[in-house]
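Each chain is listed here by its residues.
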Amino acid sequence: MSGAVIALFLVLLVVGFDVGFGMIATTYMSILTGDRMVNGTILPLQIVGGIDKYVLVAIPLFILTGEIMNRGGLTQRLVDWALSLVGHVRGALAQVSLLTNLMMAGVSGSGAADAAATGRILVPAMRREGYNEGYAGAIIAAGAMLGPIIPPSVPMIVYAAMANVSVIRLFLAGLLPGLLLFAGFALIGYLYPTGQLAEHRRPRQPLSVKGRATLTALPVLTLPVVVLGGMRFGIVTDTEAAAVAAVWALIVSLFLSRELKLGGVYHATVTAARSAAAILFLLAAAGPLGWIIAESRINLEIAAAIAGISENPLIVLLAINILLLLVGCFLEPLPAMIVFLPTLTPIGMSLGVDPVHFGMIVILNLMIGMLTPPVGLLLFVAGSAGKVPVAAIIRRVWPFLLWSLVVLALVVLIPGLSLWLPGPV
């Protein structure tokens, strides 16, 4: 039974079946062909149960915030602000891209959305200044990886809902690893030979120009502080913080920047609704699949196989990391979490790993997978946004990928990097 469930799901994916419909079809066929009589009404009940969690309301709200920012010109304000601060240093546009993505990460929570927004603006600018186009795309892809690691984060909300852990603690756990990734990427952007010609001729901006750029971008710069500070000190819940972010982005775009019109609000809402619906449908479909996996005891078999590799917890954790990295190369983070978390979370608990720490390990692995050739999603999004061949990005992404693996190793070996800010339960 267990082998048949896995084989059926994999066959459906290989033939091009949608992941969500594949999970539902697998569950339905397993019910029909199972040894025990099961009432078919369990399927819709489990589908509803998969998304019957209040915390998931934050997902469409954070996605809407990112859409409003992109359509309301707030992303361009961040770019101008970053350019005024670091435009005079070596690899200036690389630093601008990373700094912009760092601030975008504190609002949107979606790596793909960040890559699309910044890639359209910055890749053409880097091309004009003599950057290798593959390197420009690699910078955009690496910077966008920060989105789901630095809070708020859609994958973190999904993990929290599935693993029953605090969203706020998980958000705080991502700050130090995210800043560590950013620092390494910025150093690579400074040292890496890019071939740019005009970078050293850009003058250092006077304090007055930096002040004006900061003042213009201030409504956007304060948003991550409001969101995270409000959650950290108990002023708002995670869902309320998502609503505050969306309303604030809407007010700024309509009345301060005035670049967003009512038609743009409609289009942003429709786009955000479609993106959120795709995510929530996956979660709904995961409900019955998780139930059939538990009934078939597949998770116990996989857990036993992984745990049987060694009695050393570090070696078992290494095996989990390798599995997640391989999965992340071929599956997007949300489907990967939905399929594998019910199996892997109990293993982490049996090893004595804090659930919040384990969540950071899972998310880092899957996000690194999105940056990993040949099929990492961020490589394709950055290439599409900047009109750069993916093969050119792959040739230049390796330094960023290597540093990401170093940070992953540090997070695995030093739990304090994830757990210091959230503090004890």
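Looking at an unreviewed UniProt entry, one finds the protein named TRAP transporter large permease protein, with Roseovarius indicus as its source organism. Quoted verbatim from the Function (unreviewed entry) field of UniProt, the annotation for the protein is "Part of the tripartite ATP-independent periplasmic (TRAP) transport system." According to UniProt, the comment filed for the protein under the heading Subcellular location (unreviewed entry) is "Cell inner membrane".

A. Inspection of the overall build of the protein at higher detail. A count of helices and strands for the protein gives 22 helices and zero strands. Here the protein holds 425 residues, and the buried ones make up 54% of them. Partitioning the contacts of the protein with sequence separation of at least 6, the portion at a separation of at least 24 is 79%.

B. Summary view of the packing of helix 18 (residues 355–371) against helix 21 (residues 398–413). The contact between helix 18 and helix 21 brings their axes to 10 Å, and the two run at 170°. Between helix 18 and helix 21, the angle is such that the two are roughly antiparallel. Between helix 18 and helix 21, the residues in contact are His357, Ile361, Leu364, Asn365, Ile368 and Leu371 and Phe400, Leu401, Ser404, Leu405, Leu408, Val411 and Val412, respectively. Of the residues that constitute the contact of helix 18 with helix 21, the class distribution is 10 nonpolar, three polar and no charged.

C. Highlighting helix 13 (residues 238–256). Taking 1.5 Å of rise per residue, 19 residues should cover 27 Å, and helix 13 covers 26 Å from first to last C-alpha, within 8% of that figure. For helix 13, every residue scored as buried is listed here: Asp238, Thr239, Ala241, Ala242, Ala245, Ala246, Ala249, Val252 and Ser253. Down the axis of helix 13, the sector holding all buried residues measures 170°, keeping them to one side. Among the structural elements, helix 4 (58–71), helix 5 (74–86), helix 10 (167–173) and helix 12 (207–232) are those in contact with the buried residues of helix 13.

D. Quick look at the nonpolar core. Counting 137 residues, the largest nonpolar core has Met23, Ile59, Met145, Ile320 and Phe400 as its most contacted members. Here the element with the most residues in this core is helix 18; it accounts for 12 residues. Each residue touching Ile320, except ones within four places of it in the same chain, is listed here: Ile306, Leu344, Ile347, Leu351 and Phe358.

E. Spotlight on the packing of aromatic side chains. For the structure on display, the rule yields four aromatic pairs. With a centroid separation of 6.3 Å and 40° between ring planes, the pair formed by Tyr135 and Phe400 is classed as tilted. Here the residue Tyr135 occupies a position in helix 8 (residues 133–144), and Phe400 occupies one in helix 21, the gap between them amounting to 265 residues. Its relative accessible area of 0% is what places Phe400 among the buried residues. Relative to Phe400, the ring of Phe185 lies with its centre 5.7 Å away and its plane at 70°, an arrangement referred to as edge-to-face. Of this pair, Phe185 sits in helix 11 (residues 175–191) while Phe400 sits in helix 21, and the two are 215 residues apart along the sequence. The same class applies to Phe185 and to Phe400, which are both buried.

F. Looking closely at the pattern of salt bridges. Taken as a whole and judged by the stated rule, the model has two salt bridges. Between Glu67 and Arg71 there is a salt bridge whose closest N-O contact spans 3.6 Å. Separated by four residues within a single helix, Glu67 and Arg71 lie in helix 4, roughly one turn from each other. Here Glu67 falls in the buried class, since its relative accessible area comes to 15%. By relative accessible area, Arg71 is classed as partly exposed at 36%. Of the charged contacts, one joins Arg127 and Glu133 as a salt bridge, the two residues approaching to 3.3 Å between their closest N and O atoms.

G. Unusual backbone geometry, seen in detail. Phi angles above zero are rare outside glycine, and Asn164 is one such case at about 60°. With respect to the element layout, Asn164 can be found in the loop between helix 9 (154–163) and helix 10. Judged by relative accessible area, which is 71%, Asn164 ranks as exposed. Its identity as a non-glycine residue notwithstanding, Lys387 has a phi of 55°, on the positive side.

H. Structural detail: the environment of Ser166. Checked against the element boundaries, Ser166 lands in the loop between helix 9 and helix 10. Residues Ser166 and Met156, 10 residues apart in the sequence, show an inter-C-alpha distance of 9.7 Å. In this structure the side chain of Ser166 is engaged in a polar contact, spanning 3.3 Å, whose partner is the backbone nitrogen of Ile168.

I. Inspection of the packing of helix 4 against helix 13 at higher detail. Across the interface, helix 4 lies against helix 13 with an axial gap of 8 Å and an inter-helix angle of 20°. Comparing their axes, helix 13 and helix 4 come out roughly parallel. Here helix 4 and helix 13 pass one another in a crossing that is left-handed. Between helix 4 and helix 13, the residues in contact are Ala58, Leu61, Phe62, Leu64, Thr65, Ile68 and Met69 and Asp238, Thr239, Ala242, Ala243, Ala245, Ala246, Ala249, Leu250 and Ser253, respectively. When grouped by side-chain class, the residues that make up the contact of helix 4 with helix 13 number 12 nonpolar, three polar and one charged.

J. Focus on helix 8. With 12 residues, helix 8 ought to run about 16 Å at 1.5 Å a step, and its terminal C-alpha atoms sit 17 Å apart, in line with that. Those residues of helix 8 that sit buried are Gly134, Tyr135, Ala136, Gly137, Ala138, Ile139, Ile140, Ala141, Ala142, Gly143 and Ala144. Regarding helix 8, its N-cap is Asn132, as a side-chain oxygen of that residue lies 2.8 Å from the backbone nitrogen of Gly134 further along.

The rules we used
- Residues numbered from 1 in each chain as written.
- Predicted model: local features only at pLDDT ≥ 70, side-chain atom pairs only at ≥ 80, totals over all residues.
- Heavy atoms only, no water.
- UniProt positions renumbered as here; feature names shortened; annotations may be inferred.
- Helix = DSSP H or I, 4+ residues; strand = E, 2+ residues; numbered from the N terminus.
- Buried < 20%, exposed > 50% of the residue type's maximum accessible area, 1.4 Å probe, protein only.
- Contact = heavy atoms within 4.5 Å.
- Axes fitted to C-alpha atoms, helices over the stretch in contact; angles between N-to-C directions.
- Parallel < 35°, antiparallel > 145°, perpendicular 65-115°, else oblique.
- Nonpolar A, V, L, I, M, F, W, Y, C, P; charged D, E, K, R; others polar.
- Expected span 1.5 Å × (residues − 1).
- Arc of directions from axis to C-beta.
- Core = buried A, V, L, I, M, F, W, Y, C linked by side-chain atoms within 4.5 Å.
- Phe/Tyr/Trp six-rings, centres within 6.5 Å; stacked < 30°, edge-to-face > 60°.
- Salt bridge = Lys/Arg side-chain N within 4 Å of Asp/Glu carboxyl O.
- Polar contact = N/O pair within 3.5 Å; in protein donor to acceptor, adjacent residues only side chain to side chain.
- Left-handed = near helix turned anticlockwise from the far one by under 90°.

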